[in-house]
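An overview of the molecular structure
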Amino acid sequence: MFVLRSSQALLRSPRLPGSLGSRSIASNSTSSAPVASADEPVNKTQGRRKIPTRRPPISTEAPRKWNRPIGEGVLPAYDLALKLIQKDSFRLKHEAEALRSEIEAQEAEIEKHPDETVLTAKDKELENMRKRLHILEVQSEINLPNVRWNVANALVDMTNPAQRHLLEQRWRREGGLDLLMERVYQMHVVPDVLPELHPSIDLHVTATALPQEICLTSKTDKEVEPGVFLLPQQTLKPPKLYANVFHADTRLYTMILVDLDVPDEDKSRFSTFLHWMKPNVPLSAAHSGRIPDLDMHTTYIPPHPQHGTPYHRYVLLLLPQPPASGSDYNLNLTARASRDQVTSAYLDIPVVGNADRKGFNVRAFVQQWGLDGAQGGGVHMFRQIWDADVSRIYAEILKEEEPRYGRPRKPDPYAEIKRTKLYT
């Protein structure tokens, strides 16, 4: 397979005759610039166009298409590599089209003979065929320069299997998932909250920016890196959630935000507190932007780490709900679902009252409703310590007396002497 050289490497290659930028001094003879005599030094920059020092911004609001780094005919090896990649892409697409027709024929045969034994055998065969079809769809476009350029410049079309695969590969291999799991295990989120967590969704969280950050960036929200410390004033409002989802079908998830480090005086240990919950959150690869309507179930209560306690770990989970068919999620289930059809079971989870938030048992809840963090979903976390804003949360939002923990101070035998004036 041919590997395309980067544009920087191409620019460093020697220029060929007739290539761009190889104009001689004679080519500028018609310009209005004065011609230097034989005794005068020639100004080599005269008549050249200035190259801009900054690239124009690229975004979904101002997208740009991929352009060749060099013109056609400048480097024959580059032209040949592009032709071979295009030829391989056409061949794989033709093979995928033939396999897609074969799958449709198999589906039509199943509809004619809806026998349970035949259906089970055909389902396994169709699942393998669809796995192969997915590989062909990805491989047919994964090496195209324009596809890779779109992914690198955040112009991903999530309906395209190849671009979706590249984005997931980038998340898994370029540090995003590694950083998340490093913080999850270093801070003992696993096994304190659940025995296993295997994220399959790239979950991003934003919180309210501090005033000095707003002055610098003009943005009222800032992205939260997993495991960082936030001030209580930054989480007075619910954080905003964004997710890159890599499955094409629409599945339902249950969102939970829990504090793992609430003191339990009766049992002399730490317990949990449920800050936020929303079941039946629909997500798919077609979803973009902020996840809406998350405060419509068990409403959000701001984090309030108690006075005198160490830092608190706040863990945000997006747990996948079981499939509607009773079997596992697979490509057959995805292909047979209509565009707006949900492939997950709807869960009628009751609202958790304020009195039941403290001591919320995440493991018992997950087992009761068939949720499993080992089967995918999303994970995020941040930390907080007490400050004066927590007292306001207790007084204005929780409307209860603020508890204070920690060892009492040792009596100072010189306290009375320190309060006495030395000189009168």
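Remember, it's a predicted structure, so these values are computed and weren't measured experimentally.

Here we take up the overall build of the chain. Helix and strand counts for the chain stand at 12 helices and 7 strands. In the chain, which comprises 424 residues, the share counted as buried stands at 38%. For the chain, the proportion of contacts with a sequence separation of at least 24, taken over those separated by at least 6, is 71%. Of the accessible surface of the chain, which amounts to about 27000 Å², a share of 53% is contributed by carbon and sulfur atoms.

Below, the discussion takes up the sheet that holds strand β1 (residues 202–208). Here 3 strands make up an open sheet; going across it, the order is β2-β1-β3 and the pairing antiparallel. The open sheet has two edge strands, β2 (221–223) and β3 (240–244), and neither has a second partner. With strand direction ignored, the average angle separating the axes of adjacent strands in the sheet is 30 degrees. With 3 bridges connecting them, β1 and β2 associate as antiparallel partners. What sits directly across from alanine 207, in β2, is lysine 222.

Glancing now at the packing of helix α4 (residues 145–152) against helix α5 (residues 161–173). At a minimum axis distance of 10 Å, the contact between α4 and α5 shows a crossing angle of 50 degrees. In terms of their interaxial angle, α4 and α5 are classed as oblique. Helix-helix and strand crossings are classified by hand; for α4 and α5 the assignment is right-handed. Contact residues: α4 offers Val147, Arg148, Asn150, Val151 and Ala152, while α5 offers Gln163, Leu166, Leu167 and Arg170. Considered class by class, the residues forming the contact of α4 with α5 number 5 nonpolar, 2 polar and 2 charged.

All right, on to the sheet that holds strand β6 (residues 312–320) then. Taken in spatial order, the 4 strands make up an open sheet running β5-β4-β6-β7, and their pairing is antiparallel. At either margin of the open sheet sits one strand with a lone partner, and together these are β5 (269–283) and β7 (378–384). The sheet shows a mean angle of 15 degrees between the axes of neighbouring strands, taken without regard to direction. Pairing of strand β4 (residues 251–264) with β5 involves 11 bridges; the strand directions are antiparallel.

With that out of the way, let us pick up the nonpolar core. Val193, Leu194, Leu197, Val258, Met277, Leu317 and Phe360 are the most contacted members of the largest nonpolar core, which totals 33 residues. Secondary structure elements with two or more residues in this core: α5, α6 (176–186), α7 (189–192), β4, β5, β6, α10 (362–369) and β7. For this core, the element with the highest residue contribution is α6, accounting for 4 residues. No fewer than three residues from each of domain 1 (76–172) and domain 2 (187–397) sit in this core.

Of all 9 residues making up β6, 9 are buried, and the element is well covered by its neighbours. Of the two faces of β6, the one carrying His312, Tyr314, Leu316, Leu318 and Pro320 and the one carrying Arg313, Val315, Leu317 and Leu319 are both buried. Judged from the 7 bridges that link them, β4 and β6 form a sheet pairing that is antiparallel. By the bridge assignment for β6, isoleucine 256 is matched with leucine 317. Of the pairings in the sheet, the one linking β6 to β7 comprises 7 bridges and is antiparallel in character. The residue bridging valine 315 from the neighbouring strand is methionine 381, located in β7.

The next point concerns the pattern of salt bridges. Considering all chains together, one arrives at 21 salt bridges under this definition. The partner of glutamate 225 in a salt bridge is arginine 183, and the shortest N-O contact between them spans 3.2 Å. Pair noted here: glutamate 225 is in the loop between β2 and β3 and arginine 183 is in helix α6, with a separation of 42 residues, a long-range link. Residue glutamate 225 is classed as partly exposed on the basis of its relative accessible area of 37%. Two residues, arginine 392 and glutamate 396, come together in a salt bridge whose shortest N-O distance is 4.0 Å. In this pair, arginine 392 and glutamate 396 both sit in helix α11 (residues 388–398), 4 residues apart, roughly one turn of the helix. Look at arginine 392 and you get partly exposed, because its relative accessible area is 45%. Classification of glutamate 396 as partly exposed rests on a relative accessible area of 49%. In the salt-bridge network here, residues are joined through shared partners; they are Asp88, Arg91, Glu95 and Arg132.

This part takes up the pairing of β3. Judged by which residues are buried, β3 turns out to be one-sided: Leu241 and Ala243 face inward and are buried, whereas Lys240, Tyr242 and Asn244, on the alternate face, are not. Note that β1 and β3 share 5 bridges and pair antiparallel. Note on β3: the bridge partner recorded for histidine 204 is tyrosine 242.

Cut-offs applied
- Note that residues are indexed from 1 along each chain, following the sequence as it is written.
- This being a predicted model, a pLDDT of at least 70 is required before a residue's local features are given, and a value of 80 or more before pairs of side-chain atoms are given or counted; all residues contribute to the totals for chains, interfaces and linings.
- In computing side-chain properties, one takes all heavy atoms of the structure into account and sets aside hydrogens as well as water.
- Only DSSP runs of H or I reaching four residues or more are called helices, and only runs of E reaching two or more are called strands; each is numbered from the N terminus.
- Categorising residues by exposure relies on relative accessible area from a 1.4 Å probe, with only protein chains included: less than 20% of the type maximum marks a residue as buried, more than 50% marks it as exposed, and the intermediate range marks it as partly exposed.
- The contact definition used throughout considers only heavy atoms, calling two residues in contact when any of these lie within 4.5 Å.
- Only the protein chains shown count as cover for residues, with accessible areas throughout obtained via the Shrake-Rupley method and a probe of 1.4 Å.
- We call two strands paired when DSSP finds no fewer than two bridges between them.
- What counts as an axis is a line fitted to C-alpha atoms, over the stretch in contact for a helix, and the angles between N-to-C directions run from 0 to 180 degrees.
- Each angle receives one of four descriptions, namely roughly parallel if under 35 degrees, roughly antiparallel if over 145, roughly perpendicular if within 65 to 115, and oblique otherwise.
- Definitions for this section: a left-handed crossing has its near helix turned counterclockwise from the far helix by less than a right angle. A right-handed crossing has that turn clockwise.
- Amino acids outside the nonpolar list (Ala, Val, Leu, Ile, Met, Phe, Trp, Tyr, Cys, Pro) and the charged list (Asp, Glu, Lys, Arg) are all regarded as polar, and Gly is one of them.
- The definition of a nonpolar core used throughout is a set of buried Ala, Val, Leu, Ile, Met, Phe, Trp, Tyr and Cys residues joined through side-chain atoms within 4.5 Å.
- Domain limits in this description derive from either an automatic procedure or a database domain assignment.
- For this document, the term salt bridge refers to a Lys or Arg side-chain nitrogen within 4 Å of an Asp or Glu carboxyl oxygen.

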